[in-house]
Amino acid sequence: MPQYVLGYVYQIGDFDTAGSNIAPQNEQGARAQGSPPFDLTLNSGTVHLQLVIEDDDPDFHETGGTDPLQELVNPVTIDGVTYPAGGHVILNYVLTDDNGFEGFSITIGSNNNGGNTTTAFITDQPMMPGQTYTFTSEGNIGTNNARPYSEFACFTAGTLIETPDGPRRIETLLPGDLVLTVDNGPQPLRWIGKRTVQGVGKMAPVTLRAGMCGATADLTVSPSHRFMVESAMPELLTGCESVLVAAKHLGNGRTITQTECDIVTYVHLLFVQHEIVMTQGCPSESYFLGEDTNRALNNAQSSEICALFPSLETNATAVLVHPEARAFEAALIRDALAA
């Protein structure tokens, strides 16, 4: 099931309540308690939290009956209270300032009743500690005003991977599951890992629009993720019918773009050897245990992989399943694809 990251989550205790300032209000009559304007100011030194929600659709709802699967993936502690994994998350109301900046009340752990207690306040952009935000209007989310998670998170797990039983969402795969590979048929997964990072600079994700490199739907990957390209151009340049080209080298500003974002979750699939798998119609690589392995993982993940593949600690050389295009070859392939 897809997972969505709420990138900017603030505890009620993070807000200054001196003078005209208030903390985000509870819900009353399906709206924010009281009447705008509301002055909200974060205390100095406030650091936002993140929440990961599992949902079977891309919209964040208010009413539990409409979407009962809006659940926490991991336990989270907010204002001293720990909410367990599986807790239901509800979007209550929205506040808007004169510049169009929006903030939302959420409730964790209860069903909607039109008078929910605000557990936390979320935004689609960071709030600056010490700056007063004057929200001049408010509105109920209700049944018909669900907000897409894309307002709060720039990337979601959910890429479809071809298996012998048909396409499966990448986050549902487990070690031991069979995945169809281009060169070696069904192969068991040895390991699957996730890492959530800031999607800026060299870590900004690359999106292929549907139709590019065989993709049947938009596909978002890490910039160094390589696709297998089969066409006359690779064969002309390299003598090989197919080559691997990193996503960052295919960008053309139109149908293949690299865009910075706040939060991005990259998912890694690892087999006994490097493989090509089909991702939404596009042939792309599995995780490659090359010399840059540790840069893409956290310490625990690196230790886990080294336990599975002891040769990594002896500097054994991994081998790409297909040759990789050199920089000038990748540029020519990019231009040919964009033509």
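Read on for an overview of the structure. Keep in mind the model is a prediction, meaning the values are calculated, not measured.

Here is what the cut-offs are and how they apply
Residues numbered from 1 in each chain as written. Predicted model: local features only at pLDDT ≥ 70, side-chain atom pairs only at ≥ 80, totals over all residues. Heavy atoms only, no water. Core = buried A, V, L, I, M, F, W, Y, C linked by side-chain atoms within 4.5 Å. Buried < 20%, exposed > 50% of the residue type's maximum accessible area, 1.4 Å probe, protein only. Helix = DSSP H or I, 4+ residues; strand = E, 2+ residues; numbered from the N terminus. Contact = heavy atoms within 4.5 Å. Polar contact = N/O pair within 3.5 Å; in protein donor to acceptor, adjacent residues only side chain to side chain. Pairing = 2+ DSSP bridges.

The biggest cluster of nonpolar side chains holds 20 residues, and the ones touching the most others in it are Leu6, Leu51, Phe60, Ile106, Ile108 and Ile122. Only strand E1 (3–11), strand E5 (49–54), strand E8 (76–78), strand E10 (89–97), strand E11 (102–108) and strand E12 (120–123) provide two or more residues apiece to this core. Ignoring any residue separated from it by four or fewer positions in sequence, one finds Ile108 in contact with Leu51, Leu72, Val76, Ile78, Tyr83, His88, Val89 and Thr119. Within the second largest apolar cluster, 18 residues are counted, among which are Leu208, Val243, Cys282 and Ala330.

As for its position among the elements, Glu285 is in strand E27 (residues 282–285). Using a relative accessible area of 8% as the deciding quantity, one classes Glu285 as buried. Within the structure, the side chain of Glu285 is placed 3.0 Å from the backbone nitrogen of Arg226, a separation counted as a polar contact. In this structure the side chain of Glu285 is engaged in a polar contact, spanning 2.7 Å, whose partner is the side chain of His274. Contact partners of Glu285, with chain neighbours within four places excluded, come to Ser224, His225, Arg226, His274, Glu275 and Ile276.

So, about the pairing of E12. Burial along E12 is two-sided: Ala120 and Ile122 facing one way and Phe121 and Thr123 facing the other are all buried. Pairing analysis gives four bridges linking E1 to E12, with the strands arranged antiparallel. Within E12, the position partnered with Tyr8 by the bridge is Thr123. Bridge analysis of E11 against E12 gives four bridges, and the strand direction is antiparallel. Following the sheet pairing, Ile106 is matched in E12 by Ala120.

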